[in-house]
There are 2 protein chains.
Amino acid sequence: MASCVMKRAGSSAIQSVSAALRIRSYAKIASGTDIVSAAPNVSLQKARTWDEGVDSKFSTTPIKDIFKDKKVVIFGLPGAYTGVCSSKHVPPYKDNIEKFKAKGIDSVVCVAINDPYTMHAWAEKLQAKDAIEFYGDFDGSFHKSLELVTDLSGALLGTRSERWSAYVVDGKVKTLNVEEAPSDVKVSGADTILGQI
Amino acid sequence: MASCVMKRAGSSAIQSVSAALRIRSYAKIASGTDIVSAAPNVSLQKARTWDEGVDSKFSTTPIKDIFKDKKVVIFGLPGAYTGVCSSKHVPPYKDNIEKFKAKGIDSVVCVAINDPYTMHAWAEKLQAKDAIEFYGDFDGSFHKSLELVTDLSGALLGTRSERWSAYVVDGKVKTLNVEEAPSDVKVSGADTILGQI
């Protein structure tokens, strides 16, 4: 099912969100960008239960620790529990994890503007947390640094991430794919980036 | 277990959050306030699945529809999936639903600064959605209007709700209970408000 629930609803709210997205500015990062430099002093929050969060003293993960000396596939999406599209975005990454590993990828990372506890619960529901590393970007600082945020208030979500994917080697962006609308999974899916590695 | 995981961790992040909360200003509402007037033109978002959100054209619920001509017990908390305290805050409301009904309460409402899809998933996990009406306040406009927000960035949550409860009759606040720290469930629990009705 390539089409998205956001589209089939056809409401004015959705149409206005889609229209707004079509005239959005481009992301700050591109092929060749150092993603660590593009998001200086930014950290993400590894998905975990609340109790694990407390035990970790609410620790965060600096961006450089995610990308330094590693081959990483990262993909971002508008949010946990946001329906068919999100659910169809994550599973192909999970199902193709062995293909990513075979191509030398050290980690496949999923990130969204959510807190790490919600991300954990969602990852568990998707049974994807063993294959994929899930991170929260609770204050949106990572996506704001990369200029990959969009206003999805029309869908009752507020400021969220675009739907995007990137192949990053030792912090350098090799390929970046950003959907024209976050309801699409045309260029940011697992199959596309597998062909780009 | 009256104590909270936020407290037993004893991290500096938690201590600074707790310290900040002890000097917070009081809420805008109090006994006698008209909650509808205090949050003009504000809506909440009924917890639902993404697909239900699409089918509803992302409809929202004006505050007056929740309170008008009704006896309502409402309680707010820092967020879905935020551990022992949240889990221990909701269940007594669920377990005592018949006592609330016997006292003439039309609805028991739980609200947090989360999107309605996350709220729905969490309510399902708690098996509480049949007893309690869950609402999201995705952009925090309801809690900001009532001056019941606090910065929980130290706990990787960002701007969230205080932990609070209120008994509201036809929009008029009869009693309001706001915890000194959101990690507490000392005054905002089901037992307390049952004794205030």
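On a predicted model such as this, the values are computed, not experimentally measured, just so you know.

## A short note on the interface of chain B and chain A
Contacts between the two partners involve 35 residues from chain B and, on the opposite side, 35 residues from chain A. Linking chain B to chain A there are two salt bridges. One salt bridge connects Arg-160 of chain A with Asp-115 of chain B, and the closest N-O pair in it is separated by 2.9 Å. Connecting chain B to chain A are five residue pairs in polar contact (both at pLDDT 80 or more).

## Considering the sheet that holds strand S8 (residues 164–169) of chain A
Residues and elements named next belong to chain A. Spatially, S2-S1-S5-S4-S3-S8-S9 is the arrangement adopted by the seven strands of the open sheet, whose pairing is mixed. Lying at the two open borders of the sheet, with one neighbouring strand each, are strand S2 (61–62) and strand S9 (172–178). Two strands pair when backbone bridges link them, and strand S1 (residues 43–46) and S2 are joined in this way by two bridges, in the antiparallel orientation. The residue bridging Leu-44 from the neighbouring strand is Thr-61, located in S2. Sheet strands touched by helix H8 (residues 116–125): S1, strand S4 (107–112) and strand S5 (133–136). Its angle to S5, the strand with the most contacts, is close to 150 degrees.

## With respect to unusual backbone geometry
Although it is not a glycine, Leu-156 of chain A adopts a positive phi angle of roughly 65 degrees. Among the secondary structure elements, Leu-156 of chain A is positioned in the loop between strand S6 (149–151) and strand S7 (159–161). Overall, Leu-156 of chain A belongs to the buried group, its relative accessible area being 3%. Although it is not a glycine, Asn-41 of chain B sits at a positive phi angle of roughly 60 degrees.

## Thoughts on the sheet that holds strand S4 (residues 107–112) of chain B
All names here are of chain B. In space, the seven strands of this open sheet follow the order S2-S1-S5-S4-S3-S8-S9, with mixed pairing throughout. Of all strands in the sheet, those bounded by a partner on one side alone are strand S2 (61–62) and strand S9 (172–178). Bridging between strand S8 (residues 164–169) and S9 involves six bridges; their strand directions are antiparallel. Within S9, the position partnered with Trp-164 by the bridge is Val-178.

## Focus: the pairing of strand S5 (residues 133–136) of chain B
Residue and element names in this part refer to chain B. Here strand S1 (residues 43–46) pairs with S5 via two bridges, running antiparallel. Residue pairing for S5: Lys-46 is matched across the bridge by Tyr-135. Sheet topology note: the S4/S5 ladder contains four bridges and is parallel. Across the sheet, the residue bridging to Val-111 is Tyr-135, located in S5.

## Some remarks on the confidence of the model for chain A
Segments scoring low in pLDDT should not have their predicted coordinates read at a detailed level. Of all residues in chain A, 85% have pLDDT values of 70 or greater, and the mean over the chain is 87. Scoring of the predicted complex yields 0.88 for pTM and 0.87 for ipTM.

## A word on the packing of aromatic side chains
Residues and elements named next belong to chain A. Evaluated as defined, the whole model comprises 13 aromatic pairs over all chains. An angle of 5 degrees between the planes, with centres 3.8 Å apart, marks the rings of Phe-75 and Tyr-93 as stacked. Placement of the pair is Phe-75 in strand S3 (residues 71–76) and Tyr-93 in helix H6 (residues 83–95), with a sequence separation of 18 residues. Like Tyr-93, Phe-75 is buried. Joined through ring pairs, the aromatic side chains of Trp-50, Phe-58 and Tyr-117 make up one cluster.

Here is what the cut-offs are and how they apply
- Residues numbered from 1 in each chain as written.
- Chains lettered and ligands numbered in written order.
- Predicted model: local features only at pLDDT ≥ 70, side-chain atom pairs only at ≥ 80, totals over all residues.
- Heavy atoms only, no water.
- Contact = heavy atoms within 4.5 Å.
- Salt bridge = Lys/Arg side-chain N within 4 Å of Asp/Glu carboxyl O.
- Polar contact = N/O pair within 3.5 Å; in protein donor to acceptor, adjacent residues only side chain to side chain.
- Pairing = 2+ DSSP bridges.
- Helix = DSSP H or I, 4+ residues; strand = E, 2+ residues; numbered from the N terminus.
- Axes fitted to C-alpha atoms, helices over the stretch in contact; angles between N-to-C directions.
- Buried < 20%, exposed > 50% of the residue type's maximum accessible area, 1.4 Å probe, protein only.
- pLDDT = per-residue confidence, 0-100.
- Phe/Tyr/Trp six-rings, centres within 6.5 Å; stacked < 30°, edge-to-face > 60°.

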